[in-house]
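Each chain, written out:
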Amino acid sequence: MINKRVADADEAIRDIIDGQTIMLGGFGLCGIPEKCIAALVKKGVKDLTCISNNAGVDDFGIGLMLKTRQVKKMVSSYVGENAEFERQLLSGELEVELIPQGTLATRCMAAGYGMPAIFTPAGVGTEVAEGKEIRNFNGKDYLMEYAFDADFAIVKAWKGDTAGNLIFRSTSRNFNPVMAMAGKITIAEVEELVEPGELDPDHIHTPGVYVHRIFQGSDYEKRIEQRTVRPRS
Amino acid sequence: MLDKNGIARRIAKEIRDGYYVNLGIGIPTLVANYIPEGVNVVLQSENGLLGMGPFPFEGEEDADMINAGKQTITTLPGSSIFDSAMSFGMIRSQKIDLTILGAMEVSENGDIANWKIPGKMVKGMGGAMDLVASAKNIIVAMQHVNKAGESKLLAKCSLPLTGVNCIRKVVTELAVLDILPEGGFRLIERAPGVSVDYIKQSTSGKLFAEADVKEMDLN
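Residues numbered from 1 in each chain as written. Chains lettered and ligands numbered in written order. Predicted model: local features only at pLDDT ≥ 70, side-chain atom pairs only at ≥ 80, totals over all residues. Heavy atoms only, no water.

Peer 1: Let's hear about the overall build of chain A: which residues, and what values?
Peer 2: If you tally the helices and strands in chain A, you get six helices and 11 strands. In terms of principal-axis extent, the alpha carbons of chain A reach across some 55 × 50 × 40 Å. Intrachain contacts of chain A at a sequence separation of at least 6 include 72% that bridge at least 24 residues. Surface exposure of chain A reaches about 9,700 Å², of which carbon and sulfur atoms provide 48%. Across chain A, the centroid of the 27 positively charged side chains sits 2 Å from that of the 33 negatively charged ones. (Helix = DSSP H or I, 4+ residues; strand = E, 2+ residues; numbered from the N terminus. Contact = heavy atoms within 4.5 Å. Areas by Shrake-Rupley, 256 points an atom, 1.4 Å probe, with all protein chains shown as cover. Lys, Arg positive; Asp, Glu negative; His and termini not counted. Charge placed at Lys NZ, Arg CZ, Asp CG, Glu CD.)

Peer 1: Describe the layout of surface pockets, with residues and values.
Peer 2: All names here are of chain B. In this model, the largest pocket occupies a volume close to 1,400 Å³. Around the largest pocket, the lining is made up of 48 residues, and of these I25, G102, A103, M104 and N114 lie nearest the centre. Secondary structure elements with two or more residues in the lining of the largest pocket: α2 (27-31), β5 (98-102) and α4 (128-134). Classifying every residue of the lining of the largest pocket by side-chain character gives 19 nonpolar, 18 polar and 11 charged. Its boundaries defined by the atoms lining it, the second largest pocket holds a volume of some 530 Å³. In this structure, the second largest pocket is lined by 25 residues; those nearest its centre are T29, A32, L43, M52 and G53. Among the elements that line the lining of the second largest pocket, the one with the most residues is strand β2 (residues 42-45), at three residues. A per-class count over the lining of the second largest pocket returns 14 nonpolar, 10 polar and one charged. (1 Å grid on protein atoms, 1.4 Å probe; cavity = no way out; pocket = protein on both sides within 12 Å on 5 of 7 lines; lining within 4 Å. Points joined across faces, edges and corners; volume = space filled by probe spheres on them. Nonpolar A, V, L, I, M, F, W, Y, C, P; charged D, E, K, R; others polar.)

Peer 1: Before we move on, can you summarise helix α3 (residues 84-92) of chain B with the specific residues and values?
Peer 2: Buried residues of α3(B): B:S84, B:A85, B:S87, B:F88, B:M90 and B:I91, and no others. Against α5 (101-113) and α6 (176-180) of chain A together with β1 (20-23), β2, β3 (49-52) and α4 of chain B lie the buried residues of α3(B). One side-chain oxygen at the N-terminal end of α3(B) lies 2.9 Å from the backbone nitrogen of B:A85; it belongs to B:D83. Within two residues after α3(B), B:Q94 carries a phi angle of roughly 65°, on the positive side. (Buried < 20%, exposed > 50% of the residue type's maximum accessible area, 1.4 Å probe, protein only. Polar contact = N/O pair within 3.5 Å; in protein donor to acceptor, adjacent residues only side chain to side chain.)

Peer 1: Could you give an account of the environment of A:K222, with specific residues and numbers?
Peer 2: Mapped onto the elements of the fold, A:K222 is located in the segment after β11 (213-216). Relative accessible area serves as the criterion here: at 22%, A:K222 is assigned to the partly exposed category. A C-alpha to C-alpha distance of 23 Å links A:K222 and A:T162, two positions 60 residues apart in sequence. Other than its neighbours up to four places away in sequence, A:K222 contacts A:E34, A:K156, A:E191, B:A63 and B:D64.

Peer 1: Help me get a handle on the pattern of salt bridges, residues and values and all.
Peer 2: Pairs can form between side chains of opposite charge once their charged atoms are near each other. Residue and element names in this part refer to chain A. Applying the stated rule across the entire model yields 26 salt bridges over all chains. Linking K42 and D10 is a salt bridge whose minimum nitrogen-to-oxygen distance equals 2.8 Å. In this pair, K42 is assigned in helix α2 (residues 34-43) and D10 in helix α1 (residues 9-12), connecting sequence segments 32 residues apart. On the basis of relative accessibility, which here comes to 63%, the residue K42 falls in the exposed class. Look at D10 and you get partly exposed, because its relative accessible area is 32%. Linking K184 and D151 is a salt bridge whose minimum nitrogen-to-oxygen distance equals 3.8 Å. Here the residue K184 occupies a position in strand β10 (residues 183-194), and D151 occupies one in strand β8 (residues 150-161), the gap between them amounting to 33 residues. (Salt bridge = Lys/Arg side-chain N within 4 Å of Asp/Glu carboxyl O.)

Peer 1: Tell me about the interface of chain A and chain B, and name the residues and values.
Peer 2: Listed by partner, the interface residues are 51 residues for chain A and 49 residues for chain B. Carbon and sulfur atoms make up 58% of the surface buried where chain A meets chain B, a total of about 4,300 Å² over both sides. It is A:T171, A:T228 and A:R230 in chain A that bury the most area against chain B; as a group they hold 16% of the surface buried on that side. Scanning the region where chain A abuts chain B turns up six salt bridges. For B:D64, the salt bridge is made with A:K222, and the minimal N-O distance between the two is 2.7 Å. For the pair chain A and chain B, the number of links is 28 residue pairs in polar contact (both at pLDDT 80 or more). Elements represented by at least two residues in the side of chain A that touches chain B include exactly α4 (83-90), α5 and α6 of chain A. A per-element tally of the side of chain A that touches chain B places α5(A) first, with six residues. In the side of chain A that touches chain B, the residues fall into 21 nonpolar, 18 polar and 12 charged. (Buried area = accessible area lost by both parts, 1.4 Å probe.)

Peer 1: An account of the pairing of β2(B) is requested, with residue identities and associated values reported.
Peer 2: All names here are of chain B. Relative to β2, β1 is paired through three bridges, and the arrangement is parallel. Within β2, the residue paired with N22 across the bridge is Q44. Summarising the sheet, β2 and β3 pair through two bridges and their orientation is antiparallel. Bridging from a neighbouring strand, S45 pairs with L49 of β3. (Pairing = 2+ DSSP bridges.)

Peer 1: Describe in detail the packing of aromatic side chains, supporting the description with residues and values.
Peer 2: Here a ring pair, both rings aromatic, is described through the centre-centre distance and the interplanar angle of the planes. Residues and elements named next belong to chain A. Here the structure, examined in full by the defined rule, presents two aromatic pairs over all chains. Between F137 and Y142, the ring centres sit 5.6 Å apart and the planes meet at 75°, which makes this aromatic pair edge-to-face. Classification of F137 by relative accessible area gives partly exposed; the value is 32%. Through pairs of rings, three or more aromatic residues link up here, namely F119, F137 and Y142. Geometry around Y220 places K35 over its ring, the cationic atom sitting 4.9 Å from the centre. (Phe/Tyr/Trp six-rings, centres within 6.5 Å; stacked < 30°, edge-to-face > 60°. Lys NZ or Arg CZ within 6 Å of the ring centre and 35° of its normal.)

Peer 1: Explain the pairing of β3(B) to me, and be specific about the residues and the numbers.
Peer 2: Residues and elements named next belong to chain B. Counted between consecutive antiparallel strands, the loop separating β2 from β3 contains three residues, among which G48 sits at a positive phi close to 125°. Where β3 meets strand β4 (residues 75-81), three bridges bridge the pair, whose relative direction is antiparallel. Bridged to M52 within β4 is T75.

Peer 1: An account of the nonpolar core is needed here, citing residue identities and associated values.
Peer 2: Core analysis: the biggest nonpolar cluster contains 50 residues, and B:I100, B:V106, B:I112, B:V140 and B:I167 have the highest contact counts within it. Apart from residues no more than four positions distant in its own chain, B:V140 is found in contact with B:L101, B:G102, B:A103, B:V106, B:I112, B:I167, B:K169, B:V170 and B:V171. In terms of nonpolar packing, the next biggest core, distinct from the first, is built from 42 residues, A:I22, A:V57, A:V128 and A:I187 among them. (Core = buried A, V, L, I, M, F, W, Y, C linked by side-chain atoms within 4.5 Å.)

Structure representation (C-alpha cells):
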C-alpha cells in the first residue's frame, strides 16, 4: 500500500503558498479541519481563496484566518454568525462569492467525478444567474455551473488509514467527502489513524486514491455552535 | 392573529403521513413540535441527515451531530447520513415531499426573497435557492407585515430574489393564502379574530378574497 502519512498539520500544509485556492470541509463548525486551520494561521500564508460552506465564527474555524487577514476571497453559501466577516465584507476588504449550497456541493462532486460542469435550476432568475449560460431541458431552465478547480482540499475525517481511506462520523461528513475528491492535492486530518487492513473496505466513505496526505490530529475542540438540549422527563 | 407557534401549528396540518419534509430555520423548525400523532414523517436536514430526532438530553450533546441550523440533535431508528452532494441530489430530484421555509418577501407571481438585504445584511442563501428551484411542494412561513406595518406580500419583490415563480402557499400570522398560477394571492383562511378587510389592508399584492372566508382550525 502507498503510505500517505505525514507527521502533522505543519507538514501537511507545507507547500500551500500565497494566492492559492483551498477547499475546507465542514458545515458550520462541524467537521472542520481544525488542525490544518491552526497550521495555516501559524504559517501566515495569505491572499487565499477559500471554498467552504461557511466562514466559521469570530474566534474559531475559518474565522481565525479572517482575523489575521489571510483570506482574499470566500466562496460560501452561508456566512452569518461571523461579525468580523460581515465587517470585512461590507467595508470591501474581503471578496465573497455566495453560491447556493447544493451548487457548492455539486461543483465539488463534479471536480471529483471528472465532469467539467453541471446544470442546476438553483439560482435561475436571481443574481446568481448573472453572466451564466442557461440551458432548457424538458421545459425548465438550468444554469451551467463549472466544476471547482482547487489547489488543495483539506478535510476532516473520523478514522483513516495510512493508505488514505477515510470514514466520517455522523453529520460531520457533510462537505468532506465531496471536497476530498475535488482537490489537486487532498489533505485529510483524522481523529484516529490506523494501518491498512484495520478498516473494513465496505465501510470506506472516501477511497484513498483521492487522498494525498493524512495525519492524526489530537485534542480536537469540536466546538458546538448551538447547544440545544431537552430536559430529562 | 397568530404568534410564531400558531403559524407552525397551522402549517403542521398540511403534513401528510409518509412525507419526507425539509424544515428551514426559524418558524419552520417549530413545525416539528406540532406534527399530529400517528402521522409518520421523516425530517431531512440538508447538512446530510434523514430522520432528524429531537434535541439530545443534557450531557448527551454530540458536536458531530447537528442540523442545518447548527443545533445539536439526535437520530431516530431508521435514520441515515450522507454527504452534502447527495443531500441536494435528493432535493433536486424531488424525493422530498414538502419544503417549509421562511421569507422576507413573497410576490403575487410566486417569487421569493429571503437571503440578502443589499448594503445591510449578507448572510447568504444557504440551501434555500436549491430548495425553491426544485421542490414541488413549498409552504412559506412568514410575517404578513414588517415591524413598520408594511406588507411583505407584494406585487413584486423589492429584495434580491431567491427563486422565481415557485411559491404556491403562504402561511402568515394573519392568513393562509394560495398563489394562483395566473398570479395573485387567494385568501383561503383567516387567523382567529382577523377580518378579511384587515388582511386586504395588509396585503400589497393583488388579493382575491370572498366576502366570507373561513377561520383557521388550529386543533
